[in-house]
Amino acid sequence: MEQLNAVNDFVVRFANVNGTGSASANNMFAKAIFRMGIPVTPKNIFPSNIQGLPTWYEVRISEKGYLGRREGVDLMVCINPQSMAEDVASVKPGGYFLYDSTKKLHPQFIREDIHYIGLPMTDMVMHHYSEPRQRQLFKNVVYVGALSALLDIEFGVLESIIRDQFKKKEKLIAPNIKALELGLHYIQEHYEYPLGIRLERRDKVNDSILIDGNTACALGAIYGGATVAAWYPITPSTSVVSAFGKYVSRLRIDPESGRRKFAIVQAEDELAAMGVVIGATWNGARAFTATSGPGVSLMSEFLGLAYFAEIPAVLINVQRGGPSTGMPTRTQQPDILSSAYASHGDTKHILLFPSTPAECFEMTATALDLADRLQTPVIVMSDLDLGMNEHLSPPLKWDDGRRYDRGKVLSAEELEKLEKFGRYLDVDGDGICFRTIPGTHPTKGSFFTRGTSKDEYARYTENGEAYVRNMDRLARKWETAKLKVPPPELYQNENRHRYGMIFFGTTTYAALEAMDLLREKGIELDAMRLASFPFSETVRQFIEQHEKVFVIEQNRDAQMRSLLINELEIAPRQLISVLNYDGKPIPADTIEQQIARTFNSETTKDDVHKAQVPAS
Amino acid sequence: MTYIKPRFRHPELPRNKIGYAKADYEGAISTLCAGCGHDSISAGIVQACYELSIEPHRLAKLSGIGCSSKTPTYFLSNSHGFNAVHGRMPSIATGACLANRELIYLGVSGDGDSASIGMGQFVHAIRRNVNMVYIVMNNGCYGLTKGQHSATADAGAQSKTGSTNPFPSIDLVGLALELGATFVGRSFSGDKKQLVPLIKAAMSHPGFALLDVISPCVTFNNQPQSTKSYDYVRAHLEATATIDFVPHREEITVSYQPGHSASVELHDGSVIQLHKLAPHWDPTDRNSAVTRLLESKMKGEVLTGLLYIDPESQGLHELEQTVEQPLNTLKEEDLNPGAEVLEEINNSFR
Ligand SMILES: Cc1ncc(C[n+]2csc(CCOP(=O)(O)OP(=O)(O)O)c2C)c(N)n1
Ligand code: SF4
Ligand SMILES: [Mg+2]
């Protein structure tokens, strides 16, 4: 029988039952590979449920540093009989299937073209541990021990992870190591090891860290000086605020009084969460909220108020599959239009698109600056894949010399010198006006903040000319925003090819890999990663300098393509969609296939703007 | 449009302790209908702030949407104001309060704004005991959208267009008592003598102070069949007690017969004096307030006055344990843990 052979380049998938404590064993597996200096990308694939349903954990190991998802499983670790049929089928021919051999495998699960490795995990834990919960937990550790033999994971690395993990619960170290050894010895005694797929220590992760985007956003909010966080629980954004809570309760307690330099409000709904943020920022604090699609829908009215009344607000939108409740535990990029244009009337919002946890950190801190500087909502567009999965990321960086940009805020002294204060008076032409914080000066600077139309002095008016002046100034501010938002990243010094590709956020990992795959096929493209909306001149130029541009994104309706067409007046036929919206992170092969197919038909017929190949 | 009031000041106008004349607490000229109850409440707010010698810029006024929510333009023009969206002022006030614990927050809302679209936020602001005064200008209808029944309209109430409200009313005072509100009062826009000391007491309360003020809508809901009309309310008015508010460090001059009066001392040393007490009612006993309210309701009375106060109330900042210094004044040094700590954090992810 054929056997898959590879060093540091394969995919391992774990099939678990949720609520059984498999997550920490699986994390240990991924972390061990990371600590062996090999680039690794773990992904959780989980249901919207607390206990008892199938969940998967997929780990891609790539010495070349490809961090996107790849189709096909080389080694399946099957702990869940519920999903066994599907799991057996997903293994590539010549691949491996590790299962619990306490019970004999039913013949229906036997394939001729894959290798079976039986490990009597249930038996082993029944024999060695007495408590039911311990049995369940250590079963997970046993299979990691077995994998250390099968894949050549350095045992010392696993031990070091356990020691770090249980630093504060030393009693647990020995039994965990024992469980690892049980698995290890069983394989050593019963099988030839390692498998054809295996690991070898490298030095390829440098100073990288393995962190999820939501934790990075939370740290960005802390470093960016947010003092008020308001939220309503929703997957996949919940862990942004829980991580914020975890770190502030360590880093933001006043040592003398023991009191908090922060406030976290679990609001009654997302409307209130956004209201709390707006109230706090109006009153001069930095504040943020985190939510997902359904929450953004609820926040829309308030986002419009913040846009029109010009109040800073930071919203971290960790996108998930829509529409409606959609696929709440699956990833997508489906809120681009609903975020860009959230709320009625002529409203638009600044969007930032992080593609790594390091950028989640940086962009959340930047969002707090931009919101203050531009006096408007800023939405950080993360997604479930980026937010909830660990990613190999450059370390988080903060320059101690960096100061917060609080924007145009008048102090009591400045107000004192001012003859007449006009809240919506554009004194220097950039569309941004000076604001005042309540309580600053006894007789100067007070004004009425409102969502209704007003004149330069914040007085209510229905005068058409005053309204148009204000709306035009807001448009001018939008132009200023284009110069302030993070620029796109270009992957070439100078555009050289007829075709280009545009991507953003988590699509980046797969897109960069697809570029290499295409190059191997002789297809070369220029590439640009969008980092923000509104689009700068660079974005327009990139598109204009190419005959056709592929826009790669993870939603059905090609929302980023629409946004580009709408905002830059691009001819629709110039932008070709590459889409993936099945709820799993977009794999490189999907991109490569869709582009290659379009590319080939392009050479034969001209009209390809509609060529959209369904996701594989 | 907003009309700026001409400011003519007589040099001998009376001034309060901090040297402000009453005019310093006024706002733009009201554009509400002549005779609207809301304007009387605005006047009560001006009077209360003047008498309390509040520095106008140390107070922030917030509202939702409705005729009632327009009123913050008509008082305290030296205070910052925030006219939020319909029914959502409580969340704005919560955020504002968290950002700066040193200002006084005065929220103004309507019965539509609070009892319908904003019910969720209203309820949760009470639950969090947000440090604020919350005045509902209650006219039993949606004034600004031309007189539809609101959720506080009594069952059987007839609107001006003749439609009868078939549903029971939501009593915001009863609801607040049930929710654990720490300060609950009801008043009538036409009873300034009661309203002004109630507002003053509410402003000294550490926590959420609800004042449900019946405020007739002369244009859409003042017909005699309406239970929120001037005539009806006057005819059925009943008070728990008359009320005096004595600010901190002022001498208490009147004394009343024991058994017929009570005084409640607030955390800052101010005293609420109540006299001609209703029988079987103690302002610090929630149960007696609920009972008293129900009794009145059965009799068809409109019970006004201070209904309940928790002198031990702990506002949002106590519950959240925030630092004494307002959060909006904290700087990089207070907020940013620095690059060294970040490197430790990075290490924990390796
Ligand atoms: C989301 C939304 N829905 C509807 C309205 C229209 N609207 C404006 S005021 C109002 C009712 C106000 O009633 P109330 O709060 O009792 O104030 P009043 O005018 O009676 O003082 C409504 C429904 C709105 N502004 N926003
Ligand atoms: S419509 Fe009614 S509530 Fe509105 S201003 Fe006129 S009287 Fe007052
Ligand atoms: Mg009303």
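Cut-offs applied
- Note on numbering: residues in each chain are counted from 1, in written sequence order.
- Each chain takes a letter, starting from A, and each ligand takes a number, starting from 1, following the order in which they are written.
- The predicted origin of the model limits local features to residues at a pLDDT of at least 70 and limits the giving and counting of side-chain atom pairs to 80 or more, whereas totals for whole chains, interfaces and linings rest on all residues.
- Neither water nor hydrogens contribute to the side-chain values; these are computed over all heavy atoms in the structure.
- Helix and strand labels come from DSSP, where a helix needs a run of H or I of at least four residues and a strand needs a run of E of at least two; each type is numbered from the N terminus.
- All radius of gyration figures rest on C-alpha atoms, and the globule criterion is 2.2 Å times the number of residues raised to 0.38.
- For every residue, the accessible area (1.4 Å probe, protein chains only) is compared with the maximum for its type, and the residue is labelled buried under 20%, exposed over 50%, or partly exposed between those bounds.
- Here, residues are in contact when the closest pair of their heavy atoms is within 4.5 Å.
- Accessibility throughout is a Shrake-Rupley quantity obtained with a 1.4 Å probe, and a residue counts as covered only by protein chains that appear here.
- Asp and Glu are treated as the negative residues and Lys and Arg as the positive ones, with His and the ends of the chain left uncounted.
- Note on charges: their place is set at NZ of Lys, CZ of Arg, CG of Asp or CD of Glu.
- Residue ranges assigned to the domains are those given by an automatic or database domain assignment.
- Accessible-area loss on putting two parts together, using a 1.4 Å probe and summing over both, is the definition of buried area adopted here.
- With water omitted from the atoms examined, metal sites may look incomplete; donors here are N, O and S atoms no farther than 2.8 Å from the metal, or 3.2 Å in the case of Na, K and Ca.
- The patch calculation keeps residues exceeding 30% relative accessible area without a salt bridge and links them within 9 Å when they carry like charges or within 5 Å when they are nonpolar (Val, Leu, Ile, Met, Phe, Trp, Tyr).
- Salt bridges are counted wherever a side-chain nitrogen of Lys or Arg sits within 4 Å of a carboxyl oxygen of Asp or Glu.
- By convention in this text, a residue qualifies as near a molecule or strand provided that one of its non-hydrogen atoms is within 4 Å of it.
- Polar contact is defined as a pair of N or O atoms within 3.5 Å, subject to the rule that within protein one atom must be able to donate a hydrogen and the other to accept it, and that residues adjacent in sequence are counted only when both atoms are side-chain atoms.
- Each residue gets one label: Ala, Val, Leu, Ile, Met, Phe, Trp, Tyr, Cys and Pro are nonpolar, Asp, Glu, Lys and Arg are charged, and the others, such as Gly, are polar.
- Expected span of a helix, by definition, is 1.5 Å for each gap between consecutive residues, and there is one gap fewer than residues.
- Residues enter a nonpolar core if they are buried and are Ala, Val, Leu, Ile, Met, Phe, Trp, Tyr or Cys, with the set joined through side-chain atoms within 4.5 Å.
- A strand pair is defined by DSSP finding two or more bridges across the two strands.
- Axis geometry follows a simple rule: fit a line to the C-alpha atoms, using only the stretch in contact for helices, then measure angles between N-to-C directions, giving values from 0 to 180 degrees.
- Convention used here: angles under 35 degrees read as roughly parallel, angles over 145 as roughly antiparallel, angles from 65 to 115 as roughly perpendicular, and any remaining angle as oblique.
- In this scheme the handedness of a crossing depends on how the near helix is turned from the far one: anticlockwise by less than a right angle means left-handed, clockwise means right-handed.

A. Summary view of the overall build of chain A. Looking only at helices and strands, one finds 19 helices and 23 strands in chain A. Here chain A has a C-alpha radius of gyration of 27 Å; the compact-globule value for 616 residues is 25 Å, and the two agree. Along the first, second and third principal axes, the C-alpha atoms of chain A reach 90 × 75 × 40 Å. In chain A, which comprises 616 residues, the proportion classed as buried is 62%. Here the analysis covers contacts within chain A between residues at least 6 apart in sequence; of these, 75% occur between residues at least 24 apart. Total accessible area computed for chain A in this model is approximately 23300 Å², and 50% of it derives from carbon and sulfur atoms. Of the charged side chains in chain A, 69 are positive and 77 negative; the average position of the first set lies 3 Å away from that of the second.

B. View of the domain arrangement of chain A. Residues and elements named next belong to chain A. The domains assigned to chain A are domain 1 (6-198), domain 2 (211-393), domain 3 (412-473) and domain 4 (489-611). On a C-alpha basis, the centroid separation for the pair domain 2 and domain 4 is 28 Å. At the interface, 27 residues of domain 2 touch 26 residues of domain 4. Contact between domain 2 and domain 4 buries roughly 2100 Å² in total, counting both sides, with carbon and sulfur atoms accounting for 54%.

C. Broad picture of the coordination of the magnesium ion (ligand 3). All names here are of chain B. Around the magnesium ion (ligand 3), the protein contributes the donor atoms Asp 111 (OD), Asn 139 (OD1) and Cys 141 (O), at 2.1 to 2.2 Å from the metal centre. Mapping the donors of the magnesium ion (ligand 3) onto the primary sequence yields the spacing D-x27-N-x1-C. Residue Asp 111 is found in helix 4 (residues 111-117), and its partner Cys 141 is found in strand 5 (residues 141-142); the two are separated by 30 residues along the sequence. Owing to a relative accessible area of 3%, Cys 141 belongs among the buried residues under this scheme.

D. The arrangement of the environment of Ala 285 of chain A in detail. Mapped onto the elements of the fold, Ala 285 of chain A is located in the loop between helix 9 (270-282) and strand 12 (287-291). As a C-alpha pair, Ala 285 of chain A and Ile 591 of chain A span 306 residues in sequence and 43 Å in three-dimensional space. Setting aside residues no more than four positions away along its own chain, Ala 285 of chain A makes contact with Thr 227, Ala 280 and Arg 406 of chain A together with Ala 99 and Asn 328 of chain B.

E. View of unusual backbone geometry. Residues and elements named next belong to chain A. Of the consecutive residues Thr 235 and Pro 236, the connecting peptide bond is found in the cis state with omega at 5°. Omega for the peptide link from Gly 322 to Pro 323 comes to -5°, which places this bond in the cis form. Structurally, Pro 323 is set in the loop between strand 13 (313-319) and helix 11 (336-340). The phi angle at Gln 375 is positive, at roughly 50°, despite the residue not being glycine. Mapped onto the elements of the fold, Gln 375 is located in the loop between helix 12 (357-374) and strand 15 (377-383).

F. Expanded view of a negative patch on the surface. Together, Asp 399 and Asp 400 of chain A together with Glu 340 and Glu 344 of chain B line one region of the surface with negative charge. Inspection of the secondary structure puts Asp 400 of chain A in the loop between strand 16 (390-393) and helix 14 (412-417).

G. Fine view of the site of ligand 1. Neighbouring ligand 1 are 18 residues; Cys 67, Ser 68, Asp 111, Gly 112 and Asp 113 of chain B lie closest to it. Looking at what sits near ligand 1, you find residues from chains A and B. A distance of 3.1 Å separates an oxygen atom of ligand 1 from a polar atom in the side chain of Asn 139 of chain B. Within the backbone of Leu 144 of chain B, one N or O atom sits 3.0 Å away from an oxygen atom of ligand 1. Broken down by secondary-structure element, the contributors of at least two residues to the shell around ligand 1 are helix 2 (67-70), helix 4 and strand 5 of chain B. For the shell around ligand 1, the element with the most residues is helix 4 of chain B, which contributes 4 residues. Residues belonging to the shell around ligand 1 are distributed by class as follows: 6 nonpolar, 9 polar and 3 charged.

H. Highlighting helix 1 (residues 37-51) of chain B. The terminal C-alpha atoms of helix 1 of chain B, which comprises 15 residues, lie 21 Å apart, in line with the 21 Å expected from a rise of 1.5 Å per residue. Of the positions making up helix 1 of chain B, those classed as buried are Gly 37, His 38, Ile 41, Ser 42, Gly 44, Ile 45, Val 46, Gln 47, Ala 48, Cys 49 and Tyr 50 of chain B.

I. Region of the structure containing the nonpolar core. Membership of the largest hydrophobic core comes to 251 residues, with the highest contact counts inside it found for Tyr 143, Leu 147 and Leu 151 of chain A together with Ile 272 of chain B. Residue contacts for Leu 147 of chain A: discarding those within four places in its chain leaves Phe 14, Phe 29, Leu 75, Val 77, Leu 98, Asp 152 and Ile 153 of chain A.

J. Just the site of ligand 2, in detail. Neighbouring residues of ligand 2: Leu 32, Cys 33, Cys 36, His 38, Cys 67, Asn 139, Cys 217, Val 218, Thr 219 and Phe 220 of chain B. Residue composition of the shell around ligand 2, by class: 7 nonpolar, 3 polar and no charged.

K. Summary view of the sheet that holds strand 12 (residues 271-275) of chain B. Residues and elements named next belong to chain B. Reading across from one edge, 10-12-11 is the order of the 3 strands in this open sheet, with antiparallel pairing throughout. Lying at the two open borders of the sheet, with one neighbouring strand each, are strand 10 (242-246) and strand 11 (261-265). Here the average twist between neighbouring strands, direction ignored, is 15°. On the sheet, helix 7 (residues 192-203) packs against strand 10 and strand 12 and is oriented at approximately 45° with respect to strand 10.

L. How the structure looks around the packing of helix 9 of chain A against helix 3 (residues 89-99) of chain B. Where helix 9 of chain A meets helix 3 of chain B, the closest approach of the two axes is 6 Å, and the angle between their N-to-C directions is 40°. Regarding the angle of helix 9 of chain A to helix 3 of chain B, the classification is oblique. Handedness of the crossing formed by helix 9 of chain A with helix 3 of chain B: right-handed. Facing helix 9 of chain A, whose interface residues are Leu 271, Ala 272, Gly 275, Val 276, Ile 278, Gly 279, Ala 280 and Trp 282 of chain A, helix 3 of chain B presents Ser 91, Ile 92, Thr 94, Gly 95, Ala 96, Leu 98 and Ala 99 of chain B. Of the residues assigned to the contact of helix 9 of chain A with helix 3 of chain B, the class counts are 10 nonpolar, 5 polar and no charged.

M. Geometry of the interface of chain A and chain B. Each partner contributes residues to the interface: chain A has 73 residues there, and chain B has 62 residues. Taken as a group, Arg 259, Glu 268 and Phe 448 of chain A account for 13% of the area that chain A buries against chain B, more than any other trio of residues on that side. Where chain A meets chain B, there are 5 salt bridges. Here Glu 332 of chain B and Arg 403 of chain A are joined by a salt bridge, their closest N and O atoms 3.8 Å apart. Remark: the boundary between chain A and chain B carries 30 residue pairs in polar contact (both at pLDDT 80 or more).

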